[in-house]
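Chain by chain, the residues run as shown.
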Amino acid sequence: METKLPEGYQCPWSGEIEVKEKGTVTIELDALNYPERDLTIKKKIKVDEITWAHGDPTFLFAVEGTDRNGKKHSYHRAIEFTKEYVTKNSADGFVTLSTVIHGIPAGEYRVEEAAPVMRYVLTDVAAGSSNISVVKREVEEVNGFMKIEADVAADLRDMDGEVTFENHKTRYDKVSHNSMVINDIS
């Protein structure tokens, strides 16, 4: 048994030891401790594209992958732009909001905008750290904006990561934003 796990680390190793004789025996075993990582996901939208009568723009993200031992992990987050937040935090005509997923076991993960938000299209994805790779493909032009699809890979084996998704509003009709209730389950 490891008597003290270093803060911010995980020890996914276990093993059995069989005692066959009386007496004191000292056994030393190597067990790798993998650091936990943080992934920051940012969403950037234009302030003048928000129509509050349609509700708060809310964007969903999924992060899935495997840790260093091959165990699969999945995380989901939502970013909701409230009128109060946008009023206090807009700059240069844009507003950016972020969410951080803490305690991700070191490994390799994929990050995606989980469900398209009505009225908005994904127009850009930018790596905010050197361990994030982004491959973008143009899909189609929608009301003057080039909609893209993006493959985002986060190599969280050796460091934390950061990525920014940018969307533009392309529809101003009667279709509403996503409407949802966000529950945090520990």
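Presented here is a report on the structure given in the accompanying data block. Just so it is clear, the structure is predicted and the values come from calculations on it, not from any experiment. (Residues numbered from 1 in each chain as written. Predicted model: local features only at pLDDT ≥ 70, side-chain atom pairs only at ≥ 80, totals over all residues. Heavy atoms only, no water.)

## Topic: the sheet that holds strand E10 (residues 145-155)
Next, step 1: The strand order across the open sheet formed by five strands is E4-E3-E7-E10-E9, and the pairing between neighbours is antiparallel. The two strands at the open ends of the sheet, each matched to only one other strand, are strand E4 (72-80) and strand E9 (132-142). On average, each strand axis in the sheet is tilted by 20 degrees relative to the strand beside it, whichever way the strands run.
Next, step 2: Across eight bridges, the pairing between strand E3 (residues 58-67) and strand E7 (residues 107-115) is antiparallel. Across the sheet, the residue bridging to Glu 64 is Arg 110, located in E7. (Pairing = 2+ DSSP bridges. Helix = DSSP H or I, 4+ residues; strand = E, 2+ residues; numbered from the N terminus. Axes fitted to C-alpha atoms, helices over the stretch in contact; angles between N-to-C directions.)

## Looking at unusual backbone geometry
Next, step 1: Here the phi dihedral of Asp 92 falls at roughly 55 degrees; this positive angle occurs in a residue that is not glycine.
Next, step 2: Within the element layout of this structure, Asp 92 appears in the loop between strand E5 (90-91) and strand E6 (94-105).
Next, step 3: The backbone of Asn 143 shows a phi angle near 50 degrees, a positive value even though the residue is not glycine.
Next, step 4: Structurally, Asn 143 can be placed in the loop between E9 and E10.
Next, step 5: Looking at Asn 143, the relative accessible area reads 57%, which means it is exposed. (Buried < 20%, exposed > 50% of the residue type's maximum accessible area, 1.4 Å probe, protein only.)

## Things to note about the packing of aromatic side chains
Next, step 1: Counted according to the given criterion, the structure contains three aromatic pairs.
Next, step 2: The interplanar angle of 85 degrees and the centroid separation of 6.0 Å between the aromatic rings of Phe 59 and Phe 81 together place this pair among those described as edge-to-face. Note that Phe 59 is positioned in strand E3 and Phe 81 in the loop between E4 and helix H1 (83-89), a separation of 22 residues in sequence. Pair check on accessibility: Phe 59 and Phe 81 agree, each one buried.
Next, step 3: Positioned over the ring face of Phe 59 is Lys 43, at 4.5 Å from the centre of the ring.
Next, step 4: Seen from the ring of Phe 94, Lys 46 lies directly overhead, with NZ or CZ sitting 5.9 Å from the centre. (Phe/Tyr/Trp six-rings, centres within 6.5 Å; stacked < 30°, edge-to-face > 60°. Lys NZ or Arg CZ within 6 Å of the ring centre and 35° of its normal.)

## Remarks on the environment of Thr 99
Next, step 1: In this fold, Thr 99 is placed in strand E6.
Next, step 2: Looking at Thr 99, the relative accessible area reads 14%, which means it is buried.
Next, step 3: Put simply, Thr 99 and Ile 41 are 58 residues apart on the chain and 5.5 Å apart in space, counted from C-alpha to C-alpha.
Next, step 4: In this structure, Thr 99 is in contact with Leu 39, Thr 40, Ile 41, Arg 77 and Ile 79, ignoring residues within four places of it in sequence. (Contact = heavy atoms within 4.5 Å.)

## Description of a nonpolar patch on the surface
Next, step 1: A surface patch of nonpolar side chains, about 430 Å² in accessible area, is lined by Ile 17, Val 19, Val 25 and Ile 27.
Next, step 2: Structurally, the position occupied by Val 19 is in the loop between strand E1 (9-10) and strand E2 (34-46).
Next, step 3: Relative accessible area serves as the criterion here: at 70%, Val 19 is assigned to the exposed category. (Patch = residues over 30% accessible without salt bridge, like charges linked within 9 Å, V, L, I, M, F, W, Y side chains within 5 Å. Areas by Shrake-Rupley, 256 points an atom, 1.4 Å probe, with all protein chains shown as cover. Salt bridge = Lys/Arg side-chain N within 4 Å of Asp/Glu carboxyl O.)

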